[in-house]
Amino acid sequence: MDLQYWLGRAVEAVDEWRDGFGPFTSHPVNHVDDERFGVAFADFTRRLQDNYPFFHPRYVGQMVKPPHPVAVVGYLAAMLVNPNNHAREGGPATTDMEREVIAQLAGMFGFPDHLGHLTTSGTMGNLEALFVARESHPGAGIAYSADSHFTHARMCRVLGVQGHSVPVDLQGRMDLDALETLLRTERIGTVVLTAGTTGTGAVDPIHEALALKERYGVRLHVDAAYGGFFTLLADHGLFDPRPWKAIASCDSVVVDPHKHGLQPYGCGAVLFPDPGVARHYLHDSPYTYFTASDLHLGEISLECSRSGAAAAALWLTLRMLPATPDGLGSVLLPGLQAARRWAVLLRTSRHLTLFQPPELDIVTYFPSEPSLTGIDAATARVLNEGMTSADPVYVSALRVDDRAFLGRHPRLMGDARSARILRSVLIKPESGNYLEPLHNRLEELAGGRSKPCPVPSSPSDRRPVPMPAL
Ligand SMILES: *Cc1c(COP(=O)(O)O)cnc(C)c1O
């Protein structure tokens, strides 16, 4: 599709709608001189060049890519109106669109009934799920795996709930025996399971945790902020479908359309199969909630103002690429397959070693050095030389503790408490066609000994990674 053409059509469509309300004079205080604006804009676009090329398959660093052009057009058109999905009077059209996309996401996870809404982020979605968890099990703690997103421990502090970190197995999945030991203490009300950890894409055994839900009466929350849309590919034989099917029997799930749902930032979602959880949110507002008898989205959400444009962009995207295996699933498939192929290449690589087999589309690997210190230094070197060379590649780093490292690779010398390894997120379908050049370039960087990097000795000596893990 021709983005410029459709952006123009979006502006026209909104102008046509505006014309229906009759003419008025815009206030001169908003007037901007084109010449002066031209100068500011030139400065602005120059400043914007200081960015990593998220759009290019050379970039496999973090979970970042530009939105789909359909989402861009949908977002722009709605943003020109600027609806606020807090209450129906803030934007009836986008409120309806939000309800429709939420129903589609609930269907994707197999929820027969649901309550849910879009959020600004996965962090906000998880906060809401943990808030509902606290309200339904007052006084009880929340358990999450050691490899879960940092937000869970943090939000437990925000909510004043005791958080408990549960060890992981050698594939980064929650150790359910350790969980059960904790559940026996009767101090836990909710267990957070991750469907696609941010670090390695590991998927907790959600299907096996269902039995513990029965046995100990705990709530199960699934953090599928990154991985959620992979549920569309559960029947492709590329990974174990059982954890994904089990999400339907859990109590809440979070998914981020701004990660694998092709959306610009500002689009997470939280879903509950039990509409009755609305009671935990109930509050009144002297300003809003006058235009409909159904619950307004703001009555079932902790955030107040929320972008109607985010709902519009997702709605238009799902019109073109619905939440089905052939729709959005087909966009996720090439990256998933590329991760499998890359794992094969890494197994026979001279200079790189696969850290663990990828479950989703995140690949973890490290320069083939004999010791953790050597691996850490070489990782820093590949990361930095990759970004600054004339033939750049952008990867990210993941810090792994010695126990997790030596458990997977027992022959390494464990001469440090932890080491950084390389991590690549194949979030773009284009990664599938770019794998060989990417792999070859990284081999070259890992094999080269041209610019040795000093071994970091203290946290302050560590070279910065390009971006913090999201
Ligand atoms: C990205 C991520 C989050 C946080 O979501 P944001 O949208 O970045 O706030 C939470 N959990 C997991 C597993 C994630 O990958």
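What counts and what doesn't
- Residues numbered from 1 in each chain as written.
- Predicted model: local features only at pLDDT ≥ 70, side-chain atom pairs only at ≥ 80, totals over all residues.
- Heavy atoms only, no water.
- Helix = DSSP H or I, 4+ residues; strand = E, 2+ residues; numbered from the N terminus.
- Rg over C-alpha atoms; globule rule 2.2 N^0.38 Å.
- Buried < 20%, exposed > 50% of the residue type's maximum accessible area, 1.4 Å probe, protein only.
- Contact = heavy atoms within 4.5 Å.
- Areas by Shrake-Rupley, 256 points an atom, 1.4 Å probe, with all protein chains shown as cover.
- Salt bridge = Lys/Arg side-chain N within 4 Å of Asp/Glu carboxyl O.
- Phe/Tyr/Trp six-rings, centres within 6.5 Å; stacked < 30°, edge-to-face > 60°.
- Pairing = 2+ DSSP bridges.
- Axes fitted to C-alpha atoms, helices over the stretch in contact; angles between N-to-C directions.
- Near = heavy atom within 4 Å.
- Polar contact = N/O pair within 3.5 Å; in protein donor to acceptor, adjacent residues only side chain to side chain.
- Nonpolar A, V, L, I, M, F, W, Y, C, P; charged D, E, K, R; others polar.
- 1 Å grid on protein atoms, 1.4 Å probe; cavity = no way out; pocket = protein on both sides within 12 Å on 5 of 7 lines; lining within 4 Å.
- Points joined across faces, edges and corners; volume = space filled by probe spheres on them.
- Patch = residues over 30% accessible without salt bridge, like charges linked within 9 Å, V, L, I, M, F, W, Y side chains within 5 Å.
- Expected span 1.5 Å × (residues − 1).
- Domains from an automatic or database assignment.
- Buried area = accessible area lost by both parts, 1.4 Å probe.

Caption draft 1: Region of interest: the overall build of the chain. When its secondary structure is counted, the chain shows 15 helices and eleven strands. Against the 2.2 N^0.38 benchmark of 23 Å for 470 residues, the chain shows a C-alpha radius of gyration of 24 Å, consistent with a compact globule. Burial statistics for the chain: of 470 residues in total, 52% are counted as buried. Within the chain, contacts between residues separated by at least 24 positions form 74% of all contacts whose residues are at least 6 apart in sequence. In the form shown here, the chain has an accessible surface area of approximately 21800 Å², with 55% of it arising from carbon and sulfur atoms.

Caption draft 2: Representation of the pattern of salt bridges in the model. Inspection of the entire model under this criterion finds 16 salt bridges. Across the salt bridge formed by Asp169 and Arg173, the nearest N and O atoms sit 3.0 Å from each other. The class for Asp169 is partly exposed, based on a relative accessible area of 25%. When its relative accessible area of 29% is taken as the criterion, Arg173 is described as partly exposed. Between Arg215 and Glu180 there is a salt bridge, with its nearest N and O atoms 2.7 Å apart. One end of the pair, Arg215, is in helix α8 (residues 206–216); the other, Glu180, is in helix α7 (residues 176–183), and 35 residues separate them in sequence.

Caption draft 3: Highlighting the packing of aromatic side chains. Across all of its chains, the model carries 15 aromatic pairs by this definition. With a centroid separation of 5.3 Å and 75° between ring planes, the pair formed by Trp17 and Phe21 is classed as edge-to-face. The interplanar angle of 40° and the centroid separation of 6.4 Å between the aromatic rings of Phe109 and Phe111 together place this pair among those described as tilted. Since its relative accessible area comes to 3%, Phe109 is described here as buried. Chaining the aromatic ring pairs together yields one cluster made of Tyr52, Phe54, Tyr59 and Tyr394.

Caption draft 4: Representation of the sheet that holds strand β8 (residues 352–356) in the model. Spatially, the four strands line up as an open sheet ordered β8-β9-β11-β10, and their pairing is antiparallel. Sheet topology places β8 and β10 (396–401) at the edges, where each strand pairs with a single neighbour. Strand-to-strand twist across the sheet, computed as the mean angle between neighbouring axes with direction ignored, equals 45°. Bridge count for strand β9 (residues 362–367) against strand β11 (residues 418–425) is four bridges, and the pairing is antiparallel. Within β11, the position partnered with Thr364 by the bridge is Arg423.

Caption draft 5: Structural view of the site of the ligand. The environment of the ligand is formed by 14 residues, the closest being Thr123, Asp223, Asp256, His258 and Lys259. In this structure, an oxygen atom belonging to the ligand sits 2.5 Å away from a side-chain N or O atom of Thr123. One of the side-chain N or O atoms of His258 is found 2.7 Å from an oxygen atom in the ligand. Here the element with the most residues in the shell around the ligand is helix α5 (residues 122–136); it accounts for three residues. Here the residues of the shell around the ligand sort into three nonpolar, eight polar and three charged.

Caption draft 6: Broad picture of unusual backbone geometry. One non-glycine residue, Glu186, adopts positive backbone phi at about 60°. Along the polypeptide, Glu186 turns up in the loop between α7 and β4 (188–194). Here Leu262, not a glycine, exhibits a phi torsion of approximately 70°, which is positive. Within the element layout of this structure, Leu262 appears in the loop between α10 (257–260) and β7 (268–272). For Leu262, a relative accessible area of 6% gives the class buried.

Caption draft 7: Expanded view of empty space enclosed by the protein. For the structure shown, the criterion picks out one cavity of 30 Å³ or more. Taken as a whole, the largest cavity encloses approximately 40 Å³ of empty space. A breakdown of the residues in the lining of the largest cavity according to their chemical character gives four nonpolar, two polar and two charged.

Caption draft 8: A look at a nonpolar patch on the surface. A cluster of nonpolar side chains, contributed by Val32, Phe37, Phe41, Phe44 and Leu48, occupies part of the molecular surface with about 490 Å² of accessible area. On the basis of relative accessible area, Phe44 is assigned to the partly exposed category, the value being 44%.

Caption draft 9: Here's a closer look at α5. In this model, α5 (15 residues) spans 21 Å end to end at C-alpha, consistent with the 21 Å of a helix rising 1.5 Å per residue. The residue sitting at the N-terminus of α5 and contributing the capping side-chain oxygen is Ser121; that oxygen lies 3.3 Å from the backbone nitrogen of Thr123.

Caption draft 10: Up close: the environment of Thr324. Mapped onto the elements of the fold, Thr324 is located in the loop between α11 (308–320) and α12 (328–347). Residue classification places Thr324 among the partly exposed residues on the basis of a relative accessible area of 31%. Linking Thr324 and Glu12, residues 312 residues apart in sequence, is a C-alpha distance of 32 Å. Excluding residues within four positions of it along the chain, Thr324 makes contact with Leu232 and Gly329. A polar side-chain atom of Thr324 sits 2.9 Å from the main-chain amide nitrogen of Gly327.

Caption draft 11: Expanded view of the domain arrangement of the chain. Splitting the chain by domain gives domain 1 (75–285 + 294–320) and domain 2 (330–461). Computed from C-alpha coordinates alone, the two centres of domain 1 and domain 2 are separated by 30 Å. With 25 residues of domain 1 at the contact, the number on the domain 2 side is 20 residues. Buried area between domain 1 and domain 2, summed over both chains or domains, comes out near 2000 Å², and the portion from carbon and sulfur atoms is 67%. Contact with domain 2 buries surface across domain 1, with Leu170, Thr200 and Leu238 losing the most and accounting together for 30% of the total. Linking domain 1 with domain 2 are zero salt bridges. Taken together, domain 1 and domain 2 are joined by seven residue pairs in polar contact (both at pLDDT 80 or more). Of the residues in the side of domain 1 that touches domain 2, the class split is eleven nonpolar, eleven polar and three charged.

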